[in-house]
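Report on the structure
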Amino acid sequence: MGDAETGARDRDAEGRARSARPRDGLGRPLPYGAPGVERQPEGVVRTPQETVAEAQALLDAGKPFHAHEVFEDAWKSGPETERTLWRGLAQLAVGLTHAARGNVTGGARLLRRGAGAVEEWAAGGGERRPYGIDVDGLARWARELAGRVEGGAGSVEAKGEAPRLRGSR
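All of these numbers come straight from a predicted model, not from anything done at the bench. (Residues numbered from 1 in each chain as written. Predicted model: local features only at pLDDT ≥ 70, side-chain atom pairs only at ≥ 80, totals over all residues. Heavy atoms only, no water.)

Our next topic: the confidence of the model for the chain. Summarising the model, the chain shows a mean pLDDT of 89, and 89% of its residues fall at 70 or more. Considering only residues more than four positions removed or in separate chains, one finds that residues 1-5, a stretch of pLDDT under 50, has 10 contacts. (pLDDT = per-residue confidence, 0-100. Contact = heavy atoms within 4.5 Å.)

Encoded structure:
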């Protein structure tokens, strides 16, 4: 039984509050018992190349919320010198998530914040193409999508708008 049925909070194996409700491909909670999309495991330590490949596969499948979780793992487990890069990539993915959910303001804000973070990282001594990631192309993609969303495009289709992390399609 879930928290809606018992009044108690769902907990994970370590006792932390964590909703057991299934989620859709954009991470939105569904009713208990509904079929959902399998969640990304949390706290997985991957190589940067594995992170990029897994996140790209999730973006290509229209699951930017799940890609955000992969980037978040890299942000939390990677070297301090790369945290701004991975945080920015996570913000880009969650910005796409919000834009696909129809949250114009939040989507545009996070897309721009993520673009700024990856550019900040590159300007601060980072590389322009870390692990093959096209930092400049991603920043352009994010700002262009943010402008379209704010300009009346409304919600966007996540799969169709998914960026290519390593460059053109």
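Next up on the list: helix α2 (residues 48-60). Its 13 residues place the ends of α2 18 Å apart at the C-alpha level, agreeing with the 18 Å of an ideal helix rising 1.5 Å per residue. Three or more residues of α2 are buried, namely Thr51, Val52, Ala55, Gln56, Leu58 and Leu59. Taken end-on, α2 shows its buried residues confined to a sector of 160 degrees, consistent with a single buried face. Buried residues belonging to α2 abut α3 (64-77), α4 (83-101) and α7 (158-161). Trailing α2 by a residue or two, Gly62 shows a phi angle of about 80 degrees, which is positive. (Helix = DSSP H or I, 4+ residues; strand = E, 2+ residues; numbered from the N terminus. Expected span 1.5 Å × (residues − 1). Buried < 20%, exposed > 50% of the residue type's maximum accessible area, 1.4 Å probe, protein only. Arc of directions from axis to C-beta.)

Moving on: the pattern of salt bridges. Throughout the structure, instances matching the rule amount to 11 salt bridges. The shortest N-O distance in the salt bridge between Arg112 and Glu150 comes to 2.8 Å. Here Arg112, found in helix α5 (residues 104-123), pairs with Glu150, found in helix α6 (residues 135-153); they are 38 residues apart in sequence, far enough to count as distant. Overall, Glu150 belongs to the partly exposed group, its relative accessible area being 44%. Because the salt bridges share partners, they merge into one network encompassing Arg46, Glu54 and Asp73. (Salt bridge = Lys/Arg side-chain N within 4 Å of Asp/Glu carboxyl O.)

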